[in-house]
Amino acid sequence: KAGKKRLQGMLSNLTGKFAEYQLATAFRSKKRFALSDYFAGVGDTTRLNIIHVSQRVPIQRENGKNMELDVVAESDCGRVVVVEVKRWKTRVGGSVVGDFAEKVKVYARSVPARTILPAFLSLGGFADEALRLCEERGIGTAGRIAHF
């Protein structure tokens, strides 16, 4: 049982990483698109021309705590899409959205000349509180990768 549980954990981790890879590949493969093609609740509908996509981008708070952004996609217009990807069996709650909002704030300080477009992909769905927080903080949401 312990071996099976360990393998299931490894598989879940890999499927989460693969979801990040799929999203990054989708961003790289489309010439021009609006972020609203992928995520609901996005206020900025400017068409993006992605010139660089990174995965698992490390950032650090002022107090030294290390954090990681799952997908960062830079557009030639000065906008940067920052996406958190969760592949959980349960719905994402408000505290996870709050943690992501903090990551976005830390990253935004490191690139002050850029416009940050935050988005959250939760393949397990969102709790009502999480959706409300995303809407309040201007974070786009998706439960699946719509365009791949």
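Refer to the structure presented above.
Each value, and the rule that gives it
Residues numbered from 1 in each chain as written. Predicted model: local features only at pLDDT ≥ 70, side-chain atom pairs only at ≥ 80, totals over all residues. Heavy atoms only, no water. Buried < 20%, exposed > 50% of the residue type's maximum accessible area, 1.4 Å probe, protein only. Helix = DSSP H or I, 4+ residues; strand = E, 2+ residues; numbered from the N terminus. Pairing = 2+ DSSP bridges. Right-handed = clockwise from strand over helix to strand, strands pointing away. Polar contact = N/O pair within 3.5 Å; in protein donor to acceptor, adjacent residues only side chain to side chain. Contact = heavy atoms within 4.5 Å. Arc of directions from axis to C-beta. Axes fitted to C-alpha atoms, helices over the stretch in contact; angles between N-to-C directions. Phe/Tyr/Trp six-rings, centres within 6.5 Å; stacked < 30°, edge-to-face > 60°.

Caption draft 1: Seen up close, the pairing of strand β6 (residues 115–122). When you tally the buried positions in β6, you get seven out of eight residues, the bulk of the element. With eight bridges connecting them, strand β5 (residues 79–86) and β6 associate as parallel partners. Paired with V80 across the bridge in β6 is I116. Considered for its hand, the β-α-β crossover made up of β5, helix α2 (residues 94–110) and β6 is right-handed.

Caption draft 2: Examining the side chain of E84 more closely. Here E84 lies in strand β5. Within polar-contact distance, the side chain of E84 engages the side chain of K86 at 3.2 Å. Setting aside chain neighbours within four positions, we find E84 in contact with E68, D70, F100, K103, A119, F120 and L121.

Caption draft 3: Main features of helix α3 (residues 128–136). Taken together, the buried positions of α3 are occupied by A130, L133 and C134. Here the buried residues of α3 occupy an arc of 100° about the axis, which is enough to place them on one side. Facing away from the buried side of α3 by more than 90 degrees, the exposed set consists of D128, E135 and E136. Looking at the buried positions of α3, the neighbouring elements they touch are α2 and β7 (140–142). Just beyond α3, the residue with positive phi is G138, at close to 70°.

Caption draft 4: Summary view of the sheet that holds β5. With mixed pairing, five strands are arranged side by side in an open sheet as β3-β4-β5-β6-β7. At either margin of the open sheet sits one strand with a lone partner, and together these are β3 (50–60) and β7. Across the sheet, the mean angle separating the axes of adjacent strands is 25° when strand polarity is ignored. Relative to β7, β6 is paired through three bridges, and the arrangement is parallel. Bridge pairing in β7 places L121 opposite A142. Where α2 meets the sheet, its contacts fall on β3, β4 (66–75), β5 and β6, and the angle it forms with β6 comes to roughly 155°.

Caption draft 5: Just the packing of aromatic side chains, in detail. With the rule as written, the count across this model stands at six aromatic pairs. Centre to centre, the rings of F33 and Y38 are 5.2 Å apart; their planes meet at 75°, and the pair counts as edge-to-face. For the pair F33 and Y38, one class covers both residues: buried. Through successive ring pairs, a cluster of aromatic residues spans F27, F33 and Y38.

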